[in-house]
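Read off the chains here:
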Amino acid sequence: MKDFIILSVLVAVVAGAAIDSQEKTVEKRDLFDELEDYAQESKPVTITKKVPVPYPVKVEKKVPVYIEKKVPVYITKKIPVPVDRPVPVPVKVPVKIPVVHKQVVRVPKPYPVIVKKPYPVFVKKPVYVEKPVELTLHIKKKQKH
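Note that the structure is a prediction, hence the values are computed from the model and not measured.

**Looking at the overall build of the chain**
Thinking step 1. Tallying secondary structure elements over the chain gives two helices and zero strands in all.
Thinking step 2. For the chain, with 145 residues in total, the buried portion stands at 0%.
Thinking step 3. Carbon and sulfur atoms provide 63% of the accessible area of the chain, an area that totals close to 19,300 Å².

As structure tokens, then:
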């Protein structure tokens, strides 16, 4: 068993040395590098096409023209037709509508009255009105000598 382990370790070491001797250098490429490669590979191509020149086309259209003509129609027999709802008919009878007219009304205005001299007014019974009045009293103390 020991010999198997030693032999497998020895094979791994030899294989590792062989891989180290054949080292490859791998470069990473990004999107910008791929776009440069694509731009170098593509070549500009000019495409020319013949465009037809427009020319006038005559189109004739038939337009209906209505001509009004009065043709007399004679009614020989009147036929009664039932009407399910009332039809508004214009009435030419004048209707009086009351209209309000403005009337001028004079309103008495106050005016100044001048009293030339005052006159006395006599009251038969006197009326007493009680009203509280605040009064402050200052009392001076006399000093004895």
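Alright, that's what it looks like, and here's the rest.
**Quick look at a nonpolar patch on the surface**
Thinking step 1. Judged by side-chain polarity, Met 1, Phe 4, Ile 5, Val 9 and Val 13 come together as a nonpolar surface patch covering roughly 590 Å² of accessible area.
Thinking step 2. Mapping Val 13 onto the fold places it in helix α1 (residues 2-21).

Cut-offs and rules
Residues numbered from 1 in each chain as written. Predicted model: local features only at pLDDT ≥ 70, side-chain atom pairs only at ≥ 80, totals over all residues. Heavy atoms only, no water. Helix = DSSP H or I, 4+ residues; strand = E, 2+ residues; numbered from the N terminus. Buried < 20%, exposed > 50% of the residue type's maximum accessible area, 1.4 Å probe, protein only. Areas by Shrake-Rupley, 256 points an atom, 1.4 Å probe, with all protein chains shown as cover. Patch = residues over 30% accessible without salt bridge, like charges linked within 9 Å, V, L, I, M, F, W, Y side chains within 5 Å. Salt bridge = Lys/Arg side-chain N within 4 Å of Asp/Glu carboxyl O.

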